[in-house]
Amino acid sequence: MTVKSTIQEVKHHVGQTVRIGCWLHNKRSSGKIQFLQLRDGSGFIQGVVVKSEVGEDIWEAAKELTQESSLWVTGSVREDDRSQSGYELTIQGIEIIHITQDYPITPKEHGVDYLMDHRHLWIRSPRQRAVLVIRAEIIRAIQQFFDDRGFHLVDPPILTPSSCEGTTNLFATKYFDEDAYLTQSGQLYMEAAAMALGKVYSFGPTFRAEKSKTRRHLIEFWMIEPEMAFVEHEENLQVQEQMLSHVVQTILTNCAKELKVLERDITKLQNVQGDFPRITYDEAIQFLQEQGHEIAWGEDFGAPHETAIAEHYDKPVFITHYPTEIKAFYMKPDPNRPEVVMCADLIAPEGYGEIIGGSQRIDDPALLEERFKEHELSMEAYQWYMDLRKYGTVPHSGFGLGLERTVAWICGLDHVRETIPFPRLLNRLYP
Ligand code: 4AD
Ligand code: MG
């Protein structure tokens, strides 16, 4: 009896005959045997066609198959220690669905622009598949972490009347007769949600019209934004280290195969658990100056600064208490030192830069009003946000984890463009 299977599921069918819908990834032949590398999205497996054991028509069908041709294959499953998947298929039948001509991505090297133009096909390759599988697993691990701890998933709007992270990089659009912007961050809405549900998190796309062409910047990226009522600075950092440890350890356990495809040095990830090191902004400035960097107190860090600091540690490192001047309007000043705020950026190891930005929020209505004036923000647009302080204000904190930078780091990639199925970059809206 033949059972329908996927490549992933053949382990349950050793010794049986299975039928799998798949594509030809690659092929090699040694006269009387053809070795078909097959893929079906769930995995890769080698199928063996032996001329003396199959009919002439099946032998010829195998010969006809080109890269990315689609087919139904029937064969018996064997365990095979030498193969990457651990299993092999002895092919008994081939039904061709479609013969592909001139597939644009061949096993030879292609330039990045060419591959990006063919992103819709490039994602079929083993490396890109591995990245997207890990991305999905990271999302699952994050949601599991929060769901298990009494957080509720809340979806903030994408079309908004005002900004969250400053007005310089907003994507403007029309909302009928009104001006609207694509969201830069769901945070302000998540603060409202935390006052309703206690502990909440969002997961959604955010948009920044940043004119930055770096390996860390996307125009459209996905953020996870937890927000917690009755939580202050210290506890906020603890949630971040616990969440990230859970994510990294889950990926090490569940995605070992994919990390291997990416040739990721996993010893660099194994350390990511327990407490993370912390330094203050002041200490970071002093450290950088000692290392010969030209940076003065009050300036923000650039990528080389973050990398220099991160190189010092084998875990992600928190930089806390940045100058009030250079951070967002909603951050709560340190009561003992109002020139700095109770915030932290979490810097990933190995030069991947800031992956989390978070803070305790201002809960005092008078101070928040003052900040609106200093930042020249319209009180009218933020009236609803002021209401959160007017009606039962409480200490609260939260943070935003950038998904793509996290994927880039865990996968060990050179650029965030490979961490999202269809990246939106400064000069790219296609495909
Ligand atoms: O530090 P950011 O701007 O913080 C916020 O938006 C807060 N409102 C979050 C909060 O407290 N709820 O952004 C958070 C993270 C960064 O640490 C980074 O990982 C990612 O979002 N990020 C980007 N990722 C890719 N491309 C970009 N252009 C990004 N800008 C920020
Ligand atoms: Mg930030």
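Above this text you will find the structure in question.
Thresholds applied
- Residues numbered from 1 in each chain as written.
- Chains lettered and ligands numbered in written order.
- Predicted model: local features only at pLDDT ≥ 70, side-chain atom pairs only at ≥ 80, totals over all residues.
- Heavy atoms only, no water.
- Buried < 20%, exposed > 50% of the residue type's maximum accessible area, 1.4 Å probe, protein only.
- Helix = DSSP H or I, 4+ residues; strand = E, 2+ residues; numbered from the N terminus.
- Arc of directions from axis to C-beta.
- Contact = heavy atoms within 4.5 Å.
- Pairing = 2+ DSSP bridges.
- Axes fitted to C-alpha atoms, helices over the stretch in contact; angles between N-to-C directions.

Okay, helix H9 (residues 281-290) next. Buried within H9 are the following residues: Tyr-281, Ala-284, Ile-285, Phe-287 and Leu-288. The buried residues of H9 occupy one face: seen down the axis, they fall within an arc of 165°. Against strand S13 (278-280), helix H10 (303-310) and strand S14 (317-320) lie the buried residues of H9. Where H9 terminates, the next one or two residues include Gly-292, which has phi positive at roughly 95°.

Here the focus is the environment of Arg-371. Inspection of the secondary structure puts Arg-371 in helix H11 (residues 365-374). Residue classification places Arg-371 among the buried positions, given a relative accessible area of 8%. Aside from chain neighbours lying at most four places away, what touches Arg-371 is Thr-324, Phe-329, Pro-333 and Ile-362.

Turning next to the sheet that holds S14. Pairing between the strands of a sheet is mediated by backbone hydrogen bonds and can be parallel or antiparallel. Pairing is mixed in the open sheet, where 8 strands are placed in the order S7-S11-S12-S19-S18-S17-S14-S13. A strand with exactly one partner marks an edge of an open sheet, and here the two such strands are strand S7 (152-153) and S13. Where strand S11 (residues 199-207) and strand S12 (residues 220-229) come together, 9 bridges link them in antiparallel fashion. Looking at the pairing, Tyr-201 lines up with Pro-226 of S12. The strands touched by helix H13 (residues 403-411) are S11, S12, strand S17 (343-348), strand S18 (353-360) and strand S19 (396-402); relative to S19, the strand with the most contacts, the crossing angle is about 55°.

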